[in-house]
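# Notes for the structure review
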Amino acid sequence: MSELDPEDAKLVTLARSVRARNGAAEGAAVRDLDGRTYNASTVALPSLKLTALQAAVAAAVSGGAEGLEAAVVVTGESRVDAESLAAVRDLTPSGPVYLADTSGELRKQV
């Protein structure tokens, strides 16, 4: 995969940071159409379960985002799950979703 542009690389940094800070399975970050960023980690409560990407999208929507430019998931998994991808696609049908491993190494673009 080619090098990320600086704005997308910032999303990787944000996603890695929130994952590490919370000791979570995943970290995610999204950038809205106004350039604002939102990040979140996995939510695993008895009454609420969200993937990191779902939580980041929810934060963006609650912040007034009407669309997304890009999204990043940092995880030990080899793919972005369908529910996470669906949350992004609700706001942007074609924006890039990047998958990075826990070291921040880019695996692929979905």
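In what follows, the accompanying structure is described.

Conventions used here
- Residues numbered from 1 in each chain as written.
- Predicted model: local features only at pLDDT ≥ 70, side-chain atom pairs only at ≥ 80, totals over all residues.
- Heavy atoms only, no water.
- Axes fitted to C-alpha atoms, helices over the stretch in contact; angles between N-to-C directions.
- Helix = DSSP H or I, 4+ residues; strand = E, 2+ residues; numbered from the N terminus.
- Parallel < 35°, antiparallel > 145°, perpendicular 65-115°, else oblique.
- Left-handed = near helix turned anticlockwise from the far one by under 90°.
- Contact = heavy atoms within 4.5 Å.
- Buried < 20%, exposed > 50% of the residue type's maximum accessible area, 1.4 Å probe, protein only.
- Lys, Arg positive; Asp, Glu negative; His and termini not counted.
- Salt bridge = Lys/Arg side-chain N within 4 Å of Asp/Glu carboxyl O.
- Polar contact = N/O pair within 3.5 Å; in protein donor to acceptor, adjacent residues only side chain to side chain.
- Arc of directions from axis to C-beta.

Packing of helix 2 (residues 52–62) against helix 3 (residues 82–91) brings their axes to within 8 Å, and their N-to-C directions diverge by 25°. It follows from the interaxial angle that helix 2 and helix 3 lie roughly parallel. The handedness of the crossing between helix 2 and helix 3 comes out as left-handed. In this structure, helix 2 contributes Leu53, Gln54, Val57 and Val61 to the contact, and helix 3 contributes Glu83, Ser84, Ala87, Val88 and Leu91.

Our next topic: the environment of Ala44. With respect to the helices and strands, the residue Ala44 is situated in strand 3 (residues 43–44). Distance in space between the C-alpha atoms of Ala44 and Ala25 is 9.8 Å, their sequence separation being 19 residues.

With respect to the helices, strands and loops of the structure, Asp101 is situated in the loop between strand 6 (97–100) and strand 7 (106–109). One buried charge, Asp101, has no salt-bridge partner; the nearest side chain with opposite charge is Arg107, at 4.6 Å. Other than its neighbours up to four places away in sequence, Asp101 contacts Val74, Thr75 and Arg107.

Attention now moves to helix 2. Within helix 2, burial applies to Ala52, Leu53, Ala55, Ala56, Val57 and Ala60. Remark: Gly64 follows helix 2 within two positions and exhibits a positive phi of approximately 100°.

So, about the side chain of Ser41. With respect to the element layout, Ser41 can be found in strand 2 (residues 37–41). The exposure class of Ser41 is buried, given its relative accessible area of 9%. Within the structure, Ser41 has its side chain in polar contact with the side chain of Asn22 (distance 2.9 Å). Those residues within four positions of Ser41 in sequence are excluded, and the remaining contacts are Val18, Asn22, Ala24, Glu26, Gly27, Ala52 and Ala55.

Turning to helix 3, its buried residues are Ser84, Ala87 and Val88. Projection of helix 3 onto a plane perpendicular to its axis shows the buried side chains occupying an angular sector of 95°, all on one side. Facing away from the buried side of helix 3 by more than 90 degrees, the exposed set consists of Ala82 and Asp90. The opening residue of helix 3 is Asp81, an N-cap whose side-chain oxygen sits 3.2 Å from the backbone nitrogen of Glu83.

Worth remembering: the numbers are spatial, not functional.
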